[in-house]
Amino acid sequence: MEERLQKILAKAGIASRRQAEQLIRAGRIRINDQVVVEMGCKADPVRDRITCDGKPIDFEEKIYVLLNKPAGYVTTLADPQGRPMVSDLLTGIEERLFPVGRLDLDTEGALLMTNDGELANRILHPRFEVNKTYEALVAGFPAREKLALLEQGIVIDGIKTRPARVRVLQRRSGASLVEIVIHEGKKRQVRKMFQAVDHRVLHLKRTAYGQLYLGHLPLGKFKILSSDDLKKIFSYKIPFTIKNITD
Ligand code: URA
């Protein structure tokens, strides 16, 4: 099926659509050995030979999985220290899938993996504001004012975080289980946010991208996502207000 060239390149994970346009304009893309520089140009990835800098582009089938990442696994695709990698858990999947965003070594939970660069770019781009939901077990009992600070935005690494949604789910001995929904993806963001209000994160788990929840997926297991599952990533809940459970 014919599609616009920049869409084909983005789907193949070569670049975002904007970057694809730059590649086309720079004359780096050829269709059947002809350089194309017009934006409207269409091609058929099955029938046509499309190359970037002379190298053929690989159009493998796109697959999407949701993995329940255990702690102790790195989300990089190569690890010089030889630690377990999330890709080790994708038994039976031959395609090379990359994680959509990262999770720290010690964070568990929902990790979307795909070979669809375009979808990954959309999920990670701040413009689409895809919510990521985390459950953080934090030391102590954060006061309402501190939760409000987290919701409004708090300075970490010199930059104020975007508004978040926060609610206390449970109080345990000396610790609280707090749900926090953010749509940014700064390095160790949730841990740093709680650190900024003097509550150390003891355990962290991502439970959802948008409305796509881990559910009962066992730790270390994955499921292949349907197109309905993918739609859930881009759907949102009504914002909730801060509600602390009082003993
Ligand atoms: N925030 C963190 O602090 N760690 C993660 O792994 C993800 C979000």
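The structure reproduced in this document is the subject of the present report. Keep in mind it's a predicted model, so treat the numbers as computed, not measured. Once a new chain begins, its residue numbering starts again from 1 and follows that chain's sequence as written. The model is predicted, so local features are restricted to residues of pLDDT at least 70 and side-chain atom pairs to those at 80 or more, both for listing and for counting; the totals for chains, interfaces and linings are taken over all residues. Hydrogens and water are ignored here; the side-chain numbers use all heavy atoms of the structure.

## Here's the deal with the sheet that holds strand β2 (residues 29-31)
- Across the sheet, which stays open at both edges, the four strands sit in the order β3-β2-β5-β6 with antiparallel pairing between neighbours. With one partner strand each, in any of the chains shown, β3 (34-35) and β6 (55-56) form the two edges of the open sheet.
- Note: β2 against strand β5 (residues 50-52), three bridges, orientation antiparallel. In the sheet register, Ile29 faces β5, and the bridge partner there is Cys52. DSSP-based pairing: two strands are paired if at least 2 bridges between them are found. Here a helix means four or more residues in a row that DSSP labels H or I, a strand means two or more in a row labelled E, and each is numbered from the N terminus.

## Concerning the side chain of Thr161
- Of note, Thr161 is situated in the loop between β12 (159-160) and β13 (165-172).
- Identification of polar contacts relies on pairs of N or O atoms within 3.5 Å, with a donor-acceptor requirement for protein atoms, meaning one able to donate a hydrogen and the other able to accept it, and with residues adjacent in sequence counted only if both atoms are side-chain atoms. In terms of polar contacts, Thr161 uses its side chain to reach the backbone amide nitrogen of Ile154, at 2.9 Å.

## Some thoughts on unusual backbone geometry
- Unusually for a residue other than glycine, Asp157 sits at a positive phi of about 50 degrees.
- Along the polypeptide, Asp157 turns up in the loop between β11 (155-156) and β12.

## Here we look at the site of the ligand
- For this description, a residue counts as near a given molecule or strand if any of its non-hydrogen atoms is within 4 Å of it. In the neighbourhood of the ligand, the contacting residues comprise Leu103, Asp104, Thr107, Tyr134, Arg188, Gln189, Val190, Arg191 and Leu204.
- In the environment of the ligand, a nitrogen atom lies 3.1 Å from a nitrogen or oxygen atom belonging to the backbone of Val190.
- When the ligand is considered free in solution it has 240 Å² of accessible area, and contact with the protein chains removes 95% of it.
- At three residues, the largest contribution of residues to the shell around the ligand is made by helix α5 (residues 189-196).
- No fewer than three residues from each of domain 2 (64-126 + 211-233) and domain 3 (131-209) sit in the shell around the ligand. Each accessible area value is a Shrake-Rupley result obtained with a 1.4 Å probe; residue values ignore everything except the protein chains displayed when judging cover. An automatic or database domain assignment is the source of the domain bounds shown.

## Some details on the environment of Phe141
- Note that Phe141 resides in the loop between β10 (132-139) and α4 (144-152).
- Accessibility here uses a 1.4 Å probe with only protein chains present; expressed as a share of the type maximum, an area under 20% marks a residue as buried, one over 50% as exposed, and anything in between as partly exposed. Since its relative accessible area comes to 40%, Phe141 is described here as partly exposed.
- Separated by 58 residues in sequence, Phe141 and His199 have C-alpha atoms that sit 8.2 Å apart.
- Contacts were defined at the residue level, with two residues in contact if any of their heavy atoms lie within 4.5 Å. Once residues within four sequence positions are removed from consideration, Phe141 is found in contact with Arg171, Arg172, Gly174, Ala175, Ser176 and His199.

## With respect to the nonpolar core
- Definition used in this section: a nonpolar core is a set of buried Ala, Val, Leu, Ile, Met, Phe, Trp, Tyr and Cys residues joined via side-chain atoms within 4.5 Å. Ranked by internal contacts, the top residues of the largest apolar core, which has 46 residues, are Leu112, Ile180 and Phe194.
- Both domains that meet at this core, namely domain 2 (64-126 + 211-233) and domain 3 (131-209), each give it at least three residues.
- Counting 17 residues, the second-largest nonpolar core is a separate cluster that includes Leu9, Ile29, Ala43 and Ile57.

## Re α4
- Inspection of α4 places Leu147, Ala148, Leu150 and Glu151 among the buried residues, and these make up the whole buried set. Seen along its axis, α4 keeps its buried residues to an arc of 160 degrees; they face one direction. What points out from α4, more than 90 degrees from its buried face, is the exposed set Glu145 and Gln152.
- The inward-facing, buried residues of α4 abut β13, β14 (175-182) and α5.
- Two residues or fewer past α4, Gly153 is found with a positive phi of approximately 120 degrees. Directions from the helix axis toward the C-beta atoms define the arc.

## So, the pattern of salt bridges
- Basic side-chain nitrogens of Lys or Arg form a salt bridge, by our definition, when they fall within 4 Å of a carboxyl oxygen of Asp or Glu. If you walk through the whole model with that rule in mind, you get 16 salt bridges.
- One salt bridge in this structure joins Glu2 and Arg47, with 3.4 Å as the shortest N-O distance. Of this pair, Glu2 sits in the segment before β1 (3-4) while Arg47 is found in the loop between β4 (42-43) and β5, placing the two residues 45 residues apart along the sequence.
- A relative accessible area of 43% means that Glu2 is categorised as partly exposed.
- When salt bridges with common partners are traced through the structure, they connect Asp104, Asp106, Arg188 and Arg191 into a single cluster.

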